[in-house]
Each structure stands twice: as structure tokens, then as C-alpha cells.
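The primary structure of each chain is shown beneath.
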Amino acid sequence: MRKLLTMVIAVTLAVTAAKAQSTATLSGTVKDSSGAVLRDAQISVRNLGTGIERTITSDSAGQFVVPSLPPGDYTVKVTASGFGSYTVEKLTLQVDAKTNIDVPMSVASTGESVQVDSSAPLIDSESITVGQVIDRQTVQEVPLNGRHFLDLTVLTPGGVTAPAAGSLTTPSRGLGANSFVTAGNREDSANFQINGVNLNDMVQNQITFQPSINTTSEFKINNQTFSAEYGRSSGSVVNVSTRSGTNQFHGEAFEYLRNEALDARNYFNPKGQHIAPLKRHNFGGALGGPIWKEHTFFFASYEGLRQAQGLTINSGVLTDAQRAGVTDPVAQKLLTLIPRANDSTGTRYLGIAAGPVRTDQGTLDISHVFSPSDTVHGFYAIQKDNRTEPTLQNNTISGFGDNRAATRQILTLNETHIFSPRLVNEFRLGFNRISISFNPNVTTDPTTLGLSTGTSGPVGIPQITITGPNLNFGGPSGFPQGRFDTLGILSDAATYTVGKHSLKFGGEFRRFLNANFSGDTGTIGFNTVANFQAGRANSFTITPTQTTSRIYVNAVGGFLQDSWKITPTLTAELGLRFEWNGSPVDGANRLVLFDLPSTSLYQVGTNGIGNSPYTQNYNYEPRVGFSYDVFGNNKTVLRAAYGYMADQPESNVVSGLNGNPPFANRVTYSNATTTIPLSSLYASAGAAGIGISGVQRNLRNAYTETFNFNVQQELPWGLVGSIGYYGSVGKHLRTPLNVNQPNASGVRPFQAISASSPISRNANISGVNITQVSSIGMSNYNAMWLTMRKNFRNGLNFNFNYNYSKSLDTGSLSGTVLQDATRPYLNYGPSDYDTAHRISMNAIYALPFKGNRLVEGWQLSGISQWQTGNPLNVTTTSTFTGTANVLHPNLLAPVQYGLTRPSATTVQWFNPATCATATAGCIFQLPSTGFGNLARNALRGPGFADTDFSIEKNTTIYEAVKFQLRVDAFDIFNHPSFGNPTTSANSTTFGIISSTRFPVGDLGSSRQLQIVGKIIF
């Protein structure tokens, strides 16, 4: 009965789950010269670009609200009987803005009309949401390394440059990053919206693709205490507004060129060695205008990328003496795949790996005015891309990796209907889709090398790692693979204004289909060079048969919120959101559960088990806050708010379940001391036990509670400053849990599958890790944010942010492995992305030179950022708990930091002195059993600093046609931002840095120049 009532409430609230808002709201109060409010004043709001006009009447309190306005420039005209008119010639409304203006009216005898030229108020005093708009000028003009709009997220308060060990935040060459980190949120908790329609890939909750800068009008990042209309994710919400046509034709053609001949040498590129090739050709154009003036408008764009890049290889390899010591015949064949050392030390290989990238993206935006009360806006984008990743999964030598081809699409359809001046409705329909396949570059038959992996034919060889030289080659593991995903969205939201209340209510329905196939080349690990020489592996995993799945996920949500203007200076926002997140199901019931109480395997849809692998989740999410205009002049505003936001789980929570028996015969083996031969890997690992994945049957949706208190102050010269406290607490965060972890005696809780199990009865699991997706993680974030900004005025705008913060958690990624599954709290420590201090700033300055074409039209712009280092997690190869590279050593003495140069291609970050037993001068002691005393993420890595600068010249060719020539300098001071050192205490390169934070061609790697040419009309 309770479930039925919950569903009825959700459907009653709305058709489906309304989310982020891509429109703006204008409100205000009309008063006479004495300050008394005026009712029945006529307020006309006209879009300067399209000519579309809305009219509303002030109420008995003199107040008016005009919701659902597309972002843009407007003229606002106010008239009232017996008074002169009041006109705001130009008012700029930004995406997701709640703009308030006060209208002073004069009696008709004192003057027929008053005209003012005003931009929007500098402070938004009507909303509890903490966020920042990145306007169109910043999006289009500041230097962006790669021209990806998500790179601008670091310019917002709470944002940080991604850690070197990030996952979704690591830049994909040519395509940019897939997510970002801000306000202490995990990278897979962001919610991306285009025109109010979701653009998330539900498998990993990353952005499906980044729309071209050319078609992005502006976007807003909300990263604290959202209104109740926002749902689905607990992290930041990114609202992207696309460029639309107007009554005037406008467009551009552009060319961005880069060539390594113009770039500086990377810090780790030895002097005298050629710079790795990087030739980037980014081109395209756009055109927008009217189809039927003041009725139908279009905007179309195309962008292409052709990038030829070589990735620098700087890898530890076997020495000649170690190569000579290889005795096993299978290992000798693998040895032919490993290049010889070619540096002066005889221990490293330096080379180039080719990684070409090609993308083509096209967009079409059409809007139509059916009547003054009915408008429709449609947007469609498609991208085709193909790239080679030669160093995938941390391959340290060339010749491996994969090639991936993808088609990505999004469609948004928005209809705004004005039922009355007090009731406005927004209906949204859309989908996003990705079709992608990943194929190994090397498809060698493993049997030709003597490898007994349980596979044969042109499938590729396993991903092979050798601890010591930190050598990684082969693979990629888990390939080939591919998926065809479609996320459909249907939503509706209505705004109703009555008295002092502006009510917004609505909802959304989402349906996701994830069709997968996956093969596997497997993994092989050697924890010493000697084991490789002898052909004896310490670890081996593989799923030898291809697996398929067809996963469906449904979700429903609804919300009701009230923006209550209690007094002219005090606004309260009260809201409640409900989210029902259905658990993923497979179309053919191919998900197999491991039931802990009975130690049995059950297929969903059988044995009385439903087709859901875990229980459904219902989330009730209150939002409350206030905004107080202290002096009633919109110059000093206090805010405080609290919000509860839940995450919809990703579909890959259950994707491992279709790899369980009987649909796949996966094996997994890991032992630090007992090895298995390369010639019988599959049989030996299979004898040790079958591989099993699991999911917590009562898995909970992760949620975050956020809270803040801040003050904004308008300052002279158009400046606005703010300072505030921002905090959050995360609970039920996704964490893998090894439920079959051995105890101190090496005995695991589960020795064999039950004799009564309908699947794999009596199968040996006495030596097998059973990874269960659980919801036991937690996080905590506390910060002070200080900001200063200046909107574009007198040729200058800038933005400055300083963050002082502390972020703690039990795991910063959904795949973070606990060192001790029986004591998860041991993992609690600084987040991977914890950054104590961070400063970011950006500015655009149009030089005020006047005269001829030579001296006019110059503009400077830049981005600068600096932050302290992220944590380092030092681990050992001990498998005391059944999992290598998660346990920590003992810390015997304070860590000694200090940069030294062991070689021309490496940097030592700290003293790596290690020992098996405590000795003088030793810092890290490697325990043979048990747990070390060094905590997770206890050390600190290098900081990050980068400055990008641009100079451009705009020259008028003919009337509205101009030519822009620009030069961008990325990392203009050529300051190398180092990557993390090797953190495996067993490695011969422990404490050594051999690369910059991001690869050559990306942020902070070395100085790179870009030449830009544009024709704009």
C-alpha cells in the first residue's frame, strides 16, 4: 500500500521529473515616487533578437513574475494609468537566472517617459542556489586548450583541476574530459543538461559528448543547495543553453591550427630528442537567422577536428641482464614484445606511440512562434569520432591499446505555453544516444605465444604488468567491447504566481536502454622480475567467453517548490522533491546473484527472485533556504540554505552480474607467494576458484546533504564580492566490497558454492575475491569560498576565485577498493581530489585604442590557476587481504620531500627509502603480513599551476563583417606541472615522477601555441 501511495503521489505531482532549467525568470516590484506599490501596471518584455514579446500585469502588491524566458537581451517597458512609461532599453537575462528589478514610476505631469540602459542586477537576490554563469563572451573568447566548454568549470567557486589519477576527469585526446570535480563531489555525480534535457551517459554518468563551443551560448554550474526542480544527481548541475537564430543573419567560419614546431619541449622530453608530433586542425562554421521573421529562426553549425599526435613513451623495461635471465619458453616469446632499453641508464625505453583523432560534429537549432502564448524550440546534435589510444590502461610501451569509433547524438524539444499571465508551462522531450565500439590494436592469438588463457583465435593477449620496472603491455583487458545506449526523457514543469508566492511544480520520466557486448583479453601480473623470468604469474583474470546484456532502467520524479517573497527584502524558498529510481533489469534475465546467507548463485526471475538485482529506492529530498537583501538596495545579500540530493545509480552497478556462471566462466587468481605457470593459466586459476561479481541486495541510493551561509556585496566599479562557508556530507556512496576477504590466518568466509545452489553447486571459491557493489561509502566537505567578479563593462570583465577547503571520504571513485573490507573506516582520509588552497582567475580586456583599422579592435584575455598538491596513496603488493596494491607500508620516519633529478627524464619527489625490517635511514617498511600504519592518501603530490594567454585583433572588412586573427599561448610561462610519482613501495621507481600531470597537448604540459583565424558576420 505504501509503495502504491508513493507512486500515486509522484504521478500526481507531474508527468515526469523536471530538472535543470535552461530559461530565465524576470520579477520585480512597481512603485510610485513615494514608494507605494502600484497594481495593474502593464509590464511588456520584448526579446531584442527575435522580437517575441510577453505582457503581464502587476498584482495588488505591485509585484510581477515573468518565467520561462529564453536567455538573451530584452527591452522591458512598464506603463500605468496616470504615470509616465518606464523603459529598460537593454536587460540581459542569463541561463537559469532569477533576475529582480524595481521599477520607480513618475506621474505623467513630471515627464512622459523614463528610459534607462541597464544590464541585469549584479546580484541575484531571489535564489538559494549557489552557482555561476559562464557567459557567451567568456565561452567564445578565453583561450581553451582543446576548445571544450567543461574546461571552464575550473573557473567557478569550488572547482579544482582534476587529479592526475582521475578517471572521468582525465582528458580524452581530442574530445576533452568527460566530467569535472567541484565542491567535494565525486566526478560521477554531475548532471549535464542541454536546454533542460539530460546529456549523461548512464553507464558511467559521464557527459555523452561535449557540444561544440561554436553552438554554446552560455552555461551555468550549480554546485550547492539546488532548488527542488533539480534532481537525479547529488553533484553539480550544468545547464547549457544553445545558440539560437534571431531576426538578423549572423555566423562565422573558423580555423584553429597547432603544430609542435611552435611548441616548447616537455620537461620530460630529453634535450636533443625530437618533440613528439602534434598537428591539430580544428575548423568549421555556423550560420543563424530568420526563416520567417519574428516567427521562425534557425542556427546551424559544423565543427571538424583532425589531430595527428604521437604520445611520448618513457618506461621502465628489463635490463639486458634481466632479459638474459628469462628461461621460460613462454616468457621468452613475450620478451619479443618488450623493447630493449635505449636510454643512458640501460633501464628505460624512450619512444613515440601514434594516437590519431578525428571528429565531426553538426548541430541544428530551430525555434518557432506559433502565437504569443505558444513557442517551440528544437535542437539536434550529432558527433562521429574515431580515435586510437595507444597507451590505454597505462600501457608503458607502444604497439598496444585500442581503436574506438563512436556516434553520439542528442535531441531536445521544448514547448513553452502561456495559459495566463500567472500560469506558464514548459514541456520537454528529448533523448541522448551513444553507439561505440572498442577494439584492441593487437589481435594476436595467445596460443601462438604459448599462453593458456582459455581463449584462442585473433582475440589479443592479456594486459601484462611486471612490478619492479613498472612495465605494462598487452591487452587491453576487457576488450573488445561496445554498447548502444539510449536515454529518453519526458518532463513538464509549470510556474504559477499568486500573491507573494511563485509556485513551481512538475516532474519527469526517464527510460534508459544499455545494450552491451564484452570480450576479454585478460590480465596477468608478476610481482617480481624473477617470476616473469620463470614464467610464473602471481595473478591472472579472464572471462573467456563474450558476454552480452540488454539493461533497462526507469526513473520517475516530481517536485513542488515555493519561492515566497515574505517581505520586499526577504525571500524564502521551500521545496520537496521525490525520486523513484528503479533498479536496472536485463531484458533476458541474464543477471546472476550471489546470495550470501545461502552461499548460492541465483538467476533473477527464478527461484522466487524478481528480475531486480536489488531493492528499489525511494528518495524524499527537502530543500529550504532564504535570501535577505539587508538594506533593500540589492547591494548586500545574505543567504543560507540546506539541500538533500540523491544519486540515480549507474547501470554498471549490475553489469558484472551477467559475467557470472552460467553465462560466463570467469576465473580470477591472486597470490603474492604461490604462482601459476603461463602454460596453464586458465586451468590453474580455475582450480583455485570461479570468478563471481555481486551487488548488495539492499543497495541504497547515494545522497548528499549540502549547506551553506554566504554574503554577497556589490562594490564600486561594477564589482561583486562574496565570501561564505560551504559544506556537505555524503552517505551510501558506492564502494566495491570484497565479501570473501581472508582472515589473518588466510581463511576466507566462503569456501565453496552451496550443494543446493541451482548454479555451479559445490564450485570452489576458497581462493577467490568476490567483489560486491555496496553503498557503504561516506564523504565530508568543508570550505571557504571567496570570489570577486566584474561583468563586462568599459571593455573589461574578470572573475577571481579562492577556495580553502578540506575533502575527506572513504573512496573518491566508485571503483575505489578498500584495504580491509571488514573495517571500511580505515579508508577514511583525504579525497583523491582534496586541494587545500586554490586560486583561479580569468579576464577579457578590449583595449581602448581608437583610430584606424590598425589600432582598433585589439583584445587580451587569459586564464590563470594555481593549487596545492593532491594526496598520494602509497601501497604495497601484499595480498594479505586477497587484493594487491591496496595495503599500506609502515611509516618509520617523516617523509622527506625534495625535488632531485636521478636522470634526464625523471624527477624524484620524496625519499623512497624502503626496507623489509626496520633499519636506520629507512622510511617505509614493507610488512610481510598484516596492515601497515600509513593511512590512505597520507602523502602529498606536486601542485598545479598554469597560465593561458590570448591576444586577438578584430578588423572590420565591410560593415558587419570582420576578420579575427588570434594567437593563444597555453602554459605561456612553460611551467611544468608534474604528475604523481610512482606510489607502489615495491617498485624500483617508487617516488619517481616521469611525466607531467596531463599528457603533451593538454593542460599544463608545456608551452603550446595556437593560431586562430575567423570571419564573423
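Residues numbered from 1 in each chain as written. Predicted model: local features only at pLDDT ≥ 70, side-chain atom pairs only at ≥ 80, totals over all residues. Heavy atoms only, no water.

A.B. asks: Explain the pattern of salt bridges to me, and be specific about the residues and the numbers.
C.D. replies: Taken as a whole, this structure holds 34 salt bridges when the rule is applied. Here D96 ties to K220 by a salt bridge, and the two come within 3.8 Å at their closest N and O atoms. Taken together, the positions of D96 in the loop between β6 (85–93) and β7 (98–104) and K220 in strand β16 (residues 216–224) put the pair 124 residues apart, joining distant regions of the chain. Measuring nitrogen to oxygen at the nearest pair gives 2.8 Å for the salt bridge that ties D820 to R823. Taken together, the shared-partner salt bridges connect E141, E952, R966 and D968 into one network. (Salt bridge = Lys/Arg side-chain N within 4 Å of Asp/Glu carboxyl O. Helix = DSSP H or I, 4+ residues; strand = E, 2+ residues; numbered from the N terminus.)

A.B. asks: Quick one: what's the story with the sheet that holds β7, residue by residue and with numbers?
C.D. replies: Pairing in this open sheet of three strands is mixed, and the strands run β4-β1-β7 from one edge to the other. Looking at strand neighbours, the two that pair on one side only are β4 (63–69) and β7, the edges of this open sheet. Averaged over neighbouring strand pairs, the angle between their axes works out to 20° when direction is ignored. In this sheet, β7 lies alongside strand β1 (residues 24–31) in parallel orientation, the contact comprising seven bridges. In the strand pairing of β7, S27 is matched with N100. (Pairing = 2+ DSSP bridges. Axes fitted to C-alpha atoms, helices over the stretch in contact; angles between N-to-C directions.)

A.B. asks: Go over the side chain of Q819, please, and point to the residues and values.
C.D. replies: Examined against the element boundaries, Q819 turns out to sit in the loop between β46 (796–809) and β47 (829–830). Taking relative accessible area as the criterion, Q819 reaches 5% and is therefore assigned buried. Each residue touching Q819, except ones within four places of it in the same chain, is listed here: Q741, L826, N827, T881, V886, L887, H888 and F931. (Buried < 20%, exposed > 50% of the residue type's maximum accessible area, 1.4 Å probe, protein only. Contact = heavy atoms within 4.5 Å.)

A.B. asks: So what's going on with the packing of aromatic side chains? Which residues, and what values?
C.D. replies: Following the criterion strictly, the structure yields 24 aromatic pairs and no others. With centroids separated by 5.7 Å and ring planes inclined at 70°, the aromatic side chains of F254 and Y256 adopt a geometry described as edge-to-face. You can call F254 buried: its relative accessible area is 4%. Taking the centre distance of 6.3 Å and the plane angle of 20° together, the rings of F578 and Y618 count as stacked. Taken together, the residues span a long stretch of sequence, with F578 in strand β34 (residues 570–581) and Y618 in strand β38 (residues 617–629) at a distance of 40 residues. Owing to a relative accessible area of 4%, F578 belongs among the buried residues under this scheme. Judged by relative accessible area, Y618 falls into the partly exposed class, the value being 21%. Each residue in the set Y897, W909, F910, F924 and F990 is aromatic and connected to the rest through ring pairs, giving one cluster. If you follow R147 out to its NZ or CZ, it ends over the ring of F254, 4.8 Å from the centre. (Phe/Tyr/Trp six-rings, centres within 6.5 Å; stacked < 30°, edge-to-face > 60°. Lys NZ or Arg CZ within 6 Å of the ring centre and 35° of its normal.)

A.B. asks: Summarise the environment of Q132; cite the residues concerned and give the values.
C.D. replies: Along the chain, the position of Q132 falls in strand β9 (residues 130–134). Contacts of Q132, omitting those with residues within four sequence positions, involve L155, T156, P157, F219, K220, I221, N799 and N801. A distance of 3.4 Å separates polar atoms of two side chains, one belonging to Q132 and the other to N799. (Polar contact = N/O pair within 3.5 Å; in protein donor to acceptor, adjacent residues only side chain to side chain.)

A.B. asks: Could you give me a rundown of the state of the cysteines, with the residues and numbers involved?
C.D. replies: Following the criterion strictly, the structure yields one disulfide and no others. Here C915 is linked by a disulfide to C922, with a sulfur-sulfur distance of 2.0 Å. Disulfide C915-C922: the torsion about the S-S bond is -90°, which places it as left-handed. Like C922, C915 is buried. (Disulfide = S-S within 2.5 Å.)

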